Amino acid sequence: RLSLSGAMPVGISRGYEPGRILLQLPISQIGTKHRDLSQNESDPELRNASVALSEAVAEFALNHGEAAVQLAREARDIFQETSEGRSDATRVLMVALTDVESRQEAIQLGEAALLGLTSPDSDAEKRRRALVLQSLAEAAAFRCRGELRTKAVSWAEEAIAIQKDLGDKIMEGYANLAMASALIQKGVKAHQRKHYQRSIKALKLALELFAPSEASDAAPELSALARSGEARALHGLASACGRLEDFRSSVSRAREAAAIWQELGYRMEEALELEFLARLQLQLGQYKEGRKSGEEALKIFIGLKLSIWQGVTLRTLVKALLRGKKVKEARKLVNRRMALFKEAEDMVGICGALDATAEVVMAEGDAVQAAELLKEAVKKGKETKMKDRQFRKYEATMTAEQANFYLQGQKYDDALQHAKNAFYLFEKMDCQVEMATTLSTMVMAHLCLEHPQQALEDTKRAIRIYEGLNDKKGEGLAWINHCSGLTKMGDFDEAMKVAHKARDIFASQKLLIGEGQSLDHLSSLHMTSGDFAKSATCAKRARQIFNEAACFRQEAFMAWAEAEALFGLAQSQAEDFKSDQELPEVCTKASEAAEESLRLARDADDELLMMHSMQVVAKTRIMCFRHWEAGPLVDESLEIAQKNSQRMEEASLWLLKAQICICDGEDDKAKENAIKSRDIFEEVGNDQGMEQAREIIDGDYLRQQREEDERGITSATPMAMMPSESQMYGSGGIGGRSGGP
């Protein structure tokens with residue numbers, strides 16, 4: 001929970017984990033209990049302590065973390081060492097300290113409290129011990145070093161054993177939530193499937209423990225605690241399934257949890273769940289649904305006056321609008337929120353709005369301005385009350401994001417410099433995962449700047465970090481980047497070995513997206529070596545994998561790669577057939593694959609992908625003696641290429657137009673188009689394209705065409721375009737075309 005008037009503890013973090021709040025045992029019951037006690041307590045000192053403790057819980061509910069810490073301290077100092085009141089105050093104080101990011105103090109307090117418990121046989125003391133262990137596990141699960149996360153799992157396991165022994169099913173369920181939370185965070189910091197599988201097991205057990213029972217039905221407060229536990233366990237399952245790339249399950253679990261929060265009237269928790277749901281829906285390409293969830297969440301956070309979460313949700317909502325191609329609406333939204341934050345002089349809100357505005361500016365095509373907005377957010381971040389380490393992490397994260405913006409805006413020198421700066425900032429804080437992620441951006445920049453050797457050195461550094469962390473997902477992605485560097489250097493045999501190695505790593509972890517990206521690289525490498533059949537097989541398998549992972553844009557991308565490979569295969573195998581003969585099967589297959597790739601590209605509503613797919617459809621139609629059906633597609637494709645400054649594609653499309661003119665017997669028009677094509681190929685430095693255009697301009701192509709007319713038309717069709725010529729950014733690296741999710 002975040003304080004508006006207090007410490008602003010969470011910082012203005014991005015992609016923030018709602019599990020930090022949603023997987024925690026609530027303290028509201030302690031507040032209710034001590035409010036009732038204060039009315040019946042005859043001892044004035046104990047009455048004051050109960051009043052202070054109930055007020056601490058009330059302040060915490062209002063997101064006033066610092067005030068809650070102060071009041072809980074006062075109450076704890078009054079209660080006797082061994083009393084239940086002391087145990088309750090310790091719990092509230094530890095939760096409040098964790099909230100204001102004084103985790104070390106919370107953990108020290110908890111460890112000291114454990115030492116103070118000296119009657120291990122009494123049930124009352126067992127309950128106190130279990131409560132302290134629960135608090136310790138929750139505090140150490142997030143934003144702590146690896147060894148503390150391991151301790152968090154042990155503390156939670158001990159709490160589970162005690163609650164089981166006491167027969168308290170609801171508290172045993174919450175102890176399982178604490179364990180699952182620590183395990184999920186272990187997986188986040190170093191991806192290993194086993195952590196997520198253990199967490200899913202604990203969460204499913206928690207769901208069983210929270211099921212209605214006679215005890216909970218008899219007491220309304222226990223019934224609410226169990227029902228809220230159910231929503232928390234569902235959130236945990238949504239988070240763990242998402243990490244294992246089972247996004248469909250994630251969405252249904254998060255939706256179920258949001259419905260329970262709404263039923264219980266827990267507004268903040270409902271909004272947190274809806275924001276998380278929106279991110280999952282975007283992952284599945286459900287932009288309209290993601291927008292709706294984001295709008296609902298933002299409305300609740302505005303009502304609760306929670307600026308930090310407004311900022312996080314605003315960014316998610318903007319992404320939904322941009323992916324749904326509603327750039328003007330996104331612009332209006334960020335302008336309106338920014339004006340309101342400025343009017344309220346809400347610095348945290350302003351930082352969040354700047355971050356979201358940068359996304360809009362990037363979509364409008366101005367990478368430099370987008371990066372400037374993030375710099376301004378960091379400057380304003382200094383005026384919030386973030387803890388020093390948090391601010392430094394925020395600054396490093398925003399610097400890394402600037403590098404990504406420059407990369408997307410093709411400002412490769414700026415991208416490299418900002419990535420290096422971010423790496424240095426992360427290194428000073430010993431943030432290993434972030435260091436390795438930033439190296440990936442540096443690799444991309446090096447590859448775009450034609451520095452393959454430096455790219456390879458940086459991928460080796462990243463691989464060493466991931467191996468040290470035993471992070472299989474990160475290691476696989478780093479090997480994919482290494483494959484990109486080797487491909488760029490022309491070392492295709494070694495690149496092939498590395499792509500196979502990456503695929504094996506991803507397959508061992510059942511990580512579909514990474515396996516799809518590895519197959520994408522293998523398809524591209526087989527295409528380079530002229531083995532079109534193997535290229536098509538790899539692309540087809542990648543396409544199936546991306547469909548299974550519900551990554552529909554990547555599925556469409558691989559359908560296009562498969563169509564290109566089958567077109568190449570048809571060209572190499574069907575040179576001698578004539579127009580009056582039945583089409584060879586290889587040509588029919590290529591044609592069907594091309595049409596399917598265009599259908600998927602239109603479904604994915606991805607303009608550049610549509611441009612590529614229309615191009616391969618046009619090529620197969622020409623090959624299959626239906627050149628008159630190719631013209632409109634080439635024109636539509638050309639329009640997209642010009643609009644998006646895709647010069648290489650524009651040159652290829654002018655060449656295709658020239659070839660259609662040849663088929664129509666319009667030799668002069670063919671030359672005009674070929675000249676346009678040659679000039680662009682010359683500008684981008686593509687010798688092969690220039691040679692093909694020159695053959696038409698000089699008439700060689702036409703003479704050859706007439707001499708070989710008897711053989712059929714395939715010699716007049718263009719070469720299979722290498723799909724990997726198109727640079728697509730994402731965790732797929734540059735030689736890989738499918739990108740990340």
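Just so it is clear, the structure is predicted and the values come from calculations on it, not from any experiment. (Residues numbered from 1 in each chain as written. Predicted model: local features only at pLDDT ≥ 70, side-chain atom pairs only at ≥ 80, totals over all residues. Heavy atoms only, no water.)

Trainee: Would you mind going over the overall build of the chain with me for this structure?
Mentor: Helix and strand counts for the chain stand at 35 helices and zero strands. The C-alpha radius of gyration of the chain comes to 30 Å, within 12% of the 27 Å expected for a compact globule of 741 residues. Considered along the principal axes of its C-alpha atoms, the chain spans approximately 110 × 50 × 45 Å. Split into buried and exposed, the 741 residues of the chain put 58% on the buried side. In the chain, of all internal contacts separated by at least 6 residues, the share reaching a separation of at least 24 is 66%. Accessible surface computed for the chain: about 30,500 Å², of which carbon and sulfur atoms make up 48%. Across the chain, the mean location of the 98 positive side-chain charges is 3 Å away from that of the 115 negative side-chain charges. (Helix = DSSP H or I, 4+ residues; strand = E, 2+ residues; numbered from the N terminus. Rg over C-alpha atoms; globule rule 2.2 N^0.38 Å. Buried < 20%, exposed > 50% of the residue type's maximum accessible area, 1.4 Å probe, protein only. Contact = heavy atoms within 4.5 Å. Areas by Shrake-Rupley, 256 points an atom, 1.4 Å probe, with all protein chains shown as cover. Lys, Arg positive; Asp, Glu negative; His and termini not counted. Charge placed at Lys NZ, Arg CZ, Asp CG, Glu CD.)

Trainee: Before we go on, may I ask you to explain the pattern of salt bridges in this structure?
Mentor: Pairs can form between side chains of opposite charge once their charged atoms are near each other. Counted under the stated rule, the structure contains 46 salt bridges. Linking lysine 33 and glutamate 84 is a salt bridge whose minimum nitrogen-to-oxygen distance equals 2.6 Å. You can see lysine 33 sitting in helix α2 (residues 28-40) and its partner glutamate 84 sitting in helix α5 (residues 84-99), a full 51 residues away along the chain. Here glutamate 270 and arginine 267 are joined by a salt bridge, their closest N and O atoms 3.2 Å apart. In this pair, glutamate 270 and arginine 267 are both assigned in helix α14 (residues 267-283), three residues apart and thus about one turn of the helix distant. Taking relative accessible area as the criterion, arginine 267 reaches 44% and is therefore assigned partly exposed. One network of salt bridges, with partners in common, ties together Arg315, Lys319, Asp355, Glu359 and Glu401. (Salt bridge = Lys/Arg side-chain N within 4 Å of Asp/Glu carboxyl O.)

Shape descriptors only; they carry no functional weight alone.
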